[in-house]
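Working through the structure, step by step
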Amino acid sequence: MTTSDNELWEKCLAKLKKEISNENYLTWFVPISFHSQTEKELTLTVPNTFYKDCLQQNYLELITSTLRSLTTLPINIAFQLESKPLSLPQEKIKEKDSQHKVEKISIVSCASINPKYKFENFVVGSSNQFAHAAALSVTNNPKVTYNPLFVYGGVGLGKTHLLHAMGNAIIANNPQTRVRYLSAESFTVDLIESLKHDDMQNFRKRYRPLDVLFVDDIQFLAGKNRTQEEFFYTFNALYESHKQLILSSDSYPKDLQNIEERLRSRFESGLVADIEPPDLETKIAIIYKKGEEHNKIIPQELASFIANNIKTNIRELEGLLLRVIAYASFTNRDIDLKLAQEVLREFIYDRNKNFNIATIMTATASYFEIKIADLKSKKRSRQISIPRQIAMYLCREHTKLSLPDIGRHFGGKDHTTVIFAHKKFTRLINENNELKNSVKIIIENIESGKTLRNTSKKSE
Ligand code: ADP
Ligand code: MG
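Residues numbered from 1 in each chain as written. Chains lettered and ligands numbered in written order. Predicted model: local features only at pLDDT ≥ 70, side-chain atom pairs only at ≥ 80, totals over all residues. Heavy atoms only, no water.

Here the focus is the overall build of the protein chain. The helix and strand inventory of the protein chain stands at 23 helices and eight strands. Taking all 460 residues of the protein chain together, 46% fall into the buried category. A separation of at least 24 residues holds for 72% of the contacts in the protein chain among residues at least 6 apart in sequence. As displayed, the protein chain has an accessible area near 23800 Å², and 50% of this comes from carbon and sulfur atoms. (Helix = DSSP H or I, 4+ residues; strand = E, 2+ residues; numbered from the N terminus. Buried < 20%, exposed > 50% of the residue type's maximum accessible area, 1.4 Å probe, protein only. Contact = heavy atoms within 4.5 Å. Areas by Shrake-Rupley, 256 points an atom, 1.4 Å probe, with all protein chains shown as cover.)

Dropping the structure here:
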C-alpha cells in the first residue's frame, strides 16, 4: 500500500539532524521533500540529478540505516526528480477531513506547480524584464489582460521558473482557482493514453473545467498532428469560456516548425514575450540569489568567475554553483574563488576543449564558404579578411595560443594584427546582431564537435 503519511520520514529527518552538521543538513536535507511510502520503499523528491547523485554517493547509507533503526520494515530509499510532474498520492487527494477543505483545494489545484519557483526568487534583469512584467500582469488579472500569454526563449533561461511562479502566485491570490501546469510532452502522453483506453470524455473533463492552463515547451507538439488537433480544441474551449492560457516555447510562434498555422496564429493572438540570454550583471545577481537560497554568502569574485564562464544557460550556472557549495561543505572549506577554480576546472576548461587552430579554421571557412587556404593567405578582400579576423578573434578567446603563434598560423601575420582583430570583433559582436549570430553559430559548431569530426575526416 502506498501512503502519503510522512511520519517515518519526519522521524528519520529529526534523527539525521542530530548526526550531521547543520550546514550539511541545510544544504542536503532541507531541499528534499517526502513523496510517498510503501512497505518496501520510501520515495523522496529531490531538486535535480546533481542532488540525487550526491545524496546517493554520500548519504544513502546513512539515510537507510537511520530509517531502518526506526522501523522493522525492510525499507529502501528511492529518489525522484522534482521536474517530473508530481503525481500526488491518491490518498492525499481523497483526504476526507473537511477542516482541510481550503487547503485541499489548493493541494489539488497546484498538483503540478512546483512551490520552489516563485516571483520572489526570480531575478529580473533587462533580458527578462518584459516577460516578467507580462507574467505579473496576467497573474494579477488572469483572463483580463492577455490571453494567451506566450513566453519564448532559449534553454535554461527561466521560462519554466516564470510559469511556476505565476501558478504559485495565482493560487496564493485565490486558492480556489483550478490551475493545471504540464509540459506539452505530458499533454501528448495524456492524450495517447486516453485514446488508447477510449477515454476521451475523461480527457476533456480534465482540461475543460480549468481556470488556468499552463503548457510548457509547446514546441514538443511539432509534427504531432493528432495532439495538435486536440490541443486546438482544448485551447478554443478554454479561450471561449474566458479561461487563461499560458504557454512557453523555445521560439517565436511564427518560427515554430511543423505546427499547424491555425495554432501558430492563436499563439500570437495574445501577448508574446521573450526571455533573452542574461547579461553579466543578471547572471551575477542570480548567483547571489541561489547562494541565499542555500544560506550561503557568495563572494563577489566567485560570482563573477562563474558568470563569466557560463555563457547563457542559467541551469548550468546554478549547477556549477551547487557543485562549489557541495564541495565546500564536504571538505569543510570556505566558499571562495580558489576553491571554485579547483572544483570547476574541468567544467570550465571543458567548454573550450574542441577549440584549436584546425577546428576554428574549418568552422569559420565552412560557415563563410571560403577555403582554409584563404584564411592563411594575404588576400585583403572583405569576403576573406572578415572571416580571417573572426577566426583570429576565436583563437584569442578560446585557445591558449600566444598572439605571435596565432599570427603565425594565419600566414605569418604580426601579433599586432591579431590584437587589432580581437579588439575590433569584441566591439562589433556587441554592436551587430547579424555578426553576433554568425559567430555564435561558428562557436556552436565547434562546441558540438561537428567541426572536429569534419577535420578528423579530412585528415584521415
Ligand atoms: P527553461 O525552462 O527556460 O529551460 P528554467 O526555468 O528551467 O529554464 O530555468 C533553469 C534554472 O535557472 C532554474 O533552476 C531556474 O530557477 C533558474 N533561473 C532561470 N532564470 C532565473 C532568474 N531570472 N532568476 C533566478 N533563477 C533563474
Ligand atoms: Mg523549461
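Picking up where we left off.
Not every one of the 18 residues close to ligand 1 is listed here, only the nearest: V123, G156, T160, H161 and E318. Side-chain polar atom of K159 to an oxygen atom of ligand 1: 2.8 Å apart, as the coordinates give it. In the model, an oxygen atom of ligand 1 is placed 2.8 Å from a nitrogen or oxygen of the K290 side chain. Here ligand 1 loses 95% of its free accessible area of 560 Å² to cover by the protein chains. Elements supplying a minimum of two residues to the shell around ligand 1: helix 8 (159-173), helix 13 (280-293) and helix 15 (314-331). A class-by-class count of the residues in the shell around ligand 1 yields seven nonpolar, seven polar and four charged. Composition of the shell around ligand 1 by domain shows at least three residues from each of domain 2 (119-275) and domain 3 (286-349). (Near = heavy atom within 4 Å. Polar contact = N/O pair within 3.5 Å; in protein donor to acceptor, adjacent residues only side chain to side chain. Nonpolar A, V, L, I, M, F, W, Y, C, P; charged D, E, K, R; others polar. Domains from an automatic or database assignment.)

As a further point, take the packing of helix 19 (residues 382-398) against helix 22 (residues 433-447). At a minimum axis separation of 12 Å, helix 19 and helix 22 run at an interaxial angle of 60 degrees. One finds that helix 19 runs oblique with respect to helix 22. The hand of the helix 19/helix 22 crossing is right-handed. Residues I390, Y393, L394 and H398 of helix 19 form the contact with helix 22, whose participating residues are L435, V439, I442 and I443. Across the contact of helix 19 with helix 22, the residue classes break down as seven nonpolar, one polar and no charged. (Axes fitted to C-alpha atoms, helices over the stretch in contact; angles between N-to-C directions. Parallel < 35°, antiparallel > 145°, perpendicular 65-115°, else oblique. Left-handed = near helix turned anticlockwise from the far one by under 90°.)

This part covers helix 10 (residues 200-207). The α-helix winds at 3.6 residues per turn, so residues separated by three or four positions along the chain end up facing the same way. Burial in helix 10 covers these residues: M200, F203 and Y207. Burial along helix 10 is one-sided: seen end-on, the buried residues are contained in an arc of 55 degrees. Residues Q201 and K205 are exposed on helix 10 and point more than 90 degrees away from its buried face. For helix 10, the elements touching its buried residues are strand 5 (179-183), helix 9 (184-196), strand 6 (212-216) and helix 11 (225-240). (Arc of directions from axis to C-beta.)

This paragraph deals with the pairing of strand 1 (residues 33-37). Within strand 1, four of the five residues are buried, which leaves it mostly tucked inside the rest of the structure. Relative to strand 2 (residues 41-46), strand 1 is paired through four bridges, and the arrangement is antiparallel. Residue pairing in the sheet places S33 in a bridge with T45 of strand 2. Here strand 1 folds back onto strand 2 in antiparallel fashion, the turn holding three residues. (Pairing = 2+ DSSP bridges.)

Turning our eyes to something else, we now look at the sheet that holds strand 3 (residues 76-81). The strand order 1-2-3 describes an open sheet built from three strands, whose pairing is mixed. Strands at the two margins of the open sheet, each flanked by one partner only, are strand 1 and strand 3. Taking the axes of each pair of neighbouring strands and ignoring which way they run, one obtains an average angle of 30 degrees across the sheet. As judged from the six bridges shared by strand 2 and strand 3, these two strands associate in the parallel manner.

This paragraph deals with the packing of aromatic side chains. Scanning all chains against the criterion turns up 14 aromatic pairs. With centroids separated by 5.2 Å and ring planes inclined at 70 degrees, the aromatic side chains of F187 and Y207 adopt a geometry described as edge-to-face. Placement of the pair is F187 in helix 9 and Y207 in helix 10, with a sequence separation of 20 residues. Y207 shares its class with F187; the two are buried. Members of the aromatic cluster, connected to one another through ring pairs, are F150, F187, F203, Y207, F231, F235, Y239 and F267. The ring of F232 carries the charged tip of R262 above its face, separated from the ring centre by 3.8 Å. (Phe/Tyr/Trp six-rings, centres within 6.5 Å; stacked < 30°, edge-to-face > 60°. Lys NZ or Arg CZ within 6 Å of the ring centre and 35° of its normal.)

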